[in-house]
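The chain contents come next:
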Amino acid sequence: MPLKKDSGNTSSSRKKNQLKEISQIIMRLIDHHAHLTSEQYHGSLDEINYRAGKAGVEKIITVGTDLQDSLESLEIAQKYENVFFTAGFHPHEAKSADDQSLEQIRLLLREDKAAALGEIGLDYYYEFSSKEQQKNAFAKQLEIAVQENMPVVIHSRDAFENTAEILSKYSEKLPGIVIHCFGEGPEQAEYCLKQGWYVSFTGVVTFKNAERTRQAAAVVPPEKLLAETDCPYMSPAPLRKYKTNEPSFIVHIAEKLAEVKGLEVNQMCEILWQNAESVFRI
Ligand SMILES: [Zn+2]
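Every chain's residues receive numbers from 1 upward, in the order its sequence appears when written. With pLDDT at 70 or above as the cut-off, local features in this predicted model cover only qualifying residues; side-chain atom pairs require 80 or more to be listed or tallied, and sums for whole chains, interfaces and linings still use all residues. The basis for every side-chain value is the complete set of non-hydrogen atoms in the structure, without hydrogens or water.

Undergrad: How would you sum up a nonpolar patch on the surface? Please name residues and give values.
TA: Patches in this entry comprise residues that are over 30% relatively accessible and not in a salt bridge; like charges within 9 Å are linked, as are nonpolar side chains (Val, Leu, Ile, Met, Phe, Trp, Tyr) within 5 Å. Only the protein chains shown count as cover for residues, and all accessible areas are computed by the Shrake-Rupley method using a 1.4 Å probe. Note on definitions: salt bridges are taken to be side-chain nitrogens of Lys or Arg within 4 Å of carboxyl oxygens of Asp or Glu. Residues Tyr-125, Tyr-126 and Phe-128 make up a contiguous nonpolar surface patch of roughly 350 Å² in combined accessible area. Secondary-structure assignment places Phe-128 in the loop between β4 (114-123) and α5 (131-148). Here a strand is any run of E in DSSP of at least two residues, a helix any run of H or I of at least four, and the numbering for each starts at the N terminus.

Undergrad: I'd love a proper account of the packing of helix α9 (residues 250-261) against helix α10 (residues 265-280), names of residues and values included.
TA: For every element, the axis is a line fit to its C-alpha atoms; helices are fit only across the contacting stretch, and the angle between N-to-C directions ranges from 0 to 180 degrees. In the contact formed by α9 and α10, the axes pass within 9 Å of each other and the chain directions differ by 110°. Judged by the angle between their axes, α9 and α10 are roughly perpendicular. Every residue of α10 that contacts α9 at Ala-254, Glu-255, Leu-257, Ala-258 and Lys-261 is listed here: Val-265, Met-268, Cys-269 and Leu-272. Three categories are distinguished: nonpolar for Ala, Val, Leu, Ile, Met, Phe, Trp, Tyr, Cys and Pro, charged for Asp, Glu, Lys and Arg, and polar for the others, with Gly belonging to the last. Of the residues belonging to the contact of α9 with α10, the class tally is seven nonpolar, no polar and two charged. The labels follow the angle: roughly parallel below 35 degrees, roughly antiparallel above 145, roughly perpendicular from 65 to 115, and oblique for the rest. Any two residues whose heavy atoms approach within 4.5 Å are treated as being in contact.

Undergrad: So, the UniProt feature "binding site: a divalent metal cation 2" (unreviewed entry) in the protein: which residues are in play, and what are the values?
TA: UniProt positions are given in the numbering used here, feature names are shortened, and annotations may be inferred rather than shown by experiment. UniProt's feature table lists "binding site: a divalent metal cation 2" (unreviewed entry) at His-155 and His-180, given in the numbering used throughout. The named residues occupy 26 residues along the chain; their greatest pairwise C-alpha distance, 5.8 Å, places them in one compact cluster. Lining the largest pocket, out of the annotated residues just given, are His-155 and His-180. Only protein chains enter the accessibility calculation, which uses a 1.4 Å probe; a residue is then buried when its area is under 20% of its type maximum, exposed when over 50%, and partly exposed in between. Using a relative accessible area of 13% as the deciding quantity, one classes His-155 as buried. Ignoring sequence-local partners within four residues, the contact set of His-155 consists of His-90, Pro-91, Glu-119, Ile-120, Gly-121, Leu-122, Asp-123 and His-180. Of note is the side chain of His-155, whose polar atom sits 3.4 Å from the side chain of His-90. Within the secondary structure, His-180 sits in the loop between β6 (177-179) and α7 (186-195). Cavity: a set of points on a 1 Å grid over the protein atoms alone where a 1.4 Å probe fits but cannot get out. Pocket: an open set with protein on both sides within 12 Å along at least five of seven lines, its lining residues, like those of a cavity, having an atom within 4 Å of a point. By the criterion applied in these results, polar contacts are pairs of N or O atoms within 3.5 Å in which, for protein atoms, one can donate a hydrogen and the other can accept it, and in which residues neighboring in sequence qualify only through two side-chain atoms.

Undergrad: Can you lay out α7 for me, pointing to particular residues and giving the numbers?
TA: Within the span of α7, buried status applies to Gln-188, Ala-189, Cys-192 and Leu-193. Buried residues along α7 cover an arc of 145° about the axis, so they all sit on one side. Residues of α7 that are exposed and point over 90 degrees away from its buried face: Glu-187 and Lys-194. Elements that come into contact with the buried residues of α7 comprise α6 (160-168), β6, β7 (198-201) and α8 (211-219). Backbone geometry just after α7 places Gly-196 at a positive phi near 85°. Directions pointing from the helix axis toward each C-beta atom define the arc.

Undergrad: Could you give me a rundown of the coordination of the zinc ion, with the residues and numbers involved?
TA: For a metal with four tetrahedral donors the ideal donor-metal-donor angle is 109.5 degrees, while six octahedral donors give ideal angles of 90 or 180 degrees. For Na, K and Ca the donor cutoff is 3.2 Å, while for all other metals N, O and S atoms count as donors only within 2.8 Å; water does not appear among the atoms, so some sites may look incomplete. The coordination sphere of the zinc ion contains the protein donors His-33 (NE2), His-35 (NE2), Glu-119 (OE) and Asp-230 (OD), at a distance range of 2.1 to 2.6 Å. Given four donor atoms and angles of 85 to 176° at the metal, the environment of the zinc ion is assigned as irregular. Written as a sequence motif, the donor residues of the zinc ion are H-x1-H-x83-E-x110-D. Of this pair, His-35 sits in the loop between β1 (29-34) and α2 (45-54) while Asp-230 sits in the loop between β8 (225-227) and α9; the two residues are 195 residues apart in sequence, bridging distant segments of the chain. As far as the burial class goes, His-35 and Asp-230 line up, both buried. Metal sites are grouped by the angles between bound donors: all angles between 85 and 135 degrees with four donors is tetrahedral, opposite donors over 155 degrees apart with the others between 65 and 115 is square planar for four donors and octahedral for six, and any other pattern is irregular.

Undergrad: Provide a residue-level description of the sheet that holds strand β2 (residues 57-62), including the pertinent values.
TA: Spatially, eight strands are ordered β1-β2-β3-β4-β5-β6-β7-β8 in an open sheet, and the strand pairing comes out parallel. Of all the strands in the sheet, the pair left with one neighbour each is β1 and β8. Taking the axes of each pair of neighbouring strands and ignoring which way they run, one obtains an average angle of 30° across the sheet. For two strands to count as paired, DSSP must find a minimum of two bridges between them. Where strand β3 (residues 83-87) meets β4, three bridges bridge the pair, whose relative direction is parallel. Of the residues in β4, the one forming a bridge with Phe-85 is Ala-114. Across the sheet, α10 touches β1, β2, β4, β5 (152-157), β6, β7 and β8, and the angle it forms with β8 is around 95°.

Here it is as structure tokens:
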């Protein structure tokens, strides 16, 4: 009996080592949505970026949520060669998106390492800014994205209908639209696809109770699929015990998407890489 148990362990650890080797040699990944300005990372960005590199995460986009956060995101992107950034006012911060700040966001988008305008959109779950303020800041930022020819990163929570209504007017005018942290079902995913938008999944897709999210991922064709950690929140399974998520964990999201789409993990990683490179032009 002990022998049998041992051999089982050996084979599973061999499998694990093989996976690790693949992830170090073949896989390359982009985490296109990380919040590296978060206080959880203060003083440890060198290590986090090192661990990301070891896990095959060769590029990271750190996402701005207001003017100050976008400025800090630029600073991080200037410090690390493999890090890019976005600038924009998150719907929570819509109330402080005055015209002057929005003009500064516009200037940030002209920086070499700017990857997109975002994250922008509507959040009716928390409603930290009023619906009117949110819609207003959303529309104004979409106009800026059109004028600056930048892709946009969209946040939508409990507001899919209004988000889709506003955003669909811009489908033709923008170089790329990414629905980040997709939390809707397959029907809404179909709507996004008809509009030509990218649909991006976080660690939620790995959660046991997230069958609807996996059903949504199942209808997204490989060429419109993206993955992101949205760290420091929502570590993917099997790493949920780690309260602070980080870019190196993205491989588990890619693995789950590969499973859902019936593809090899390294194929999925390559698809995700190509999509992120092409939409964000990084
Ligand atoms: Zn985010």
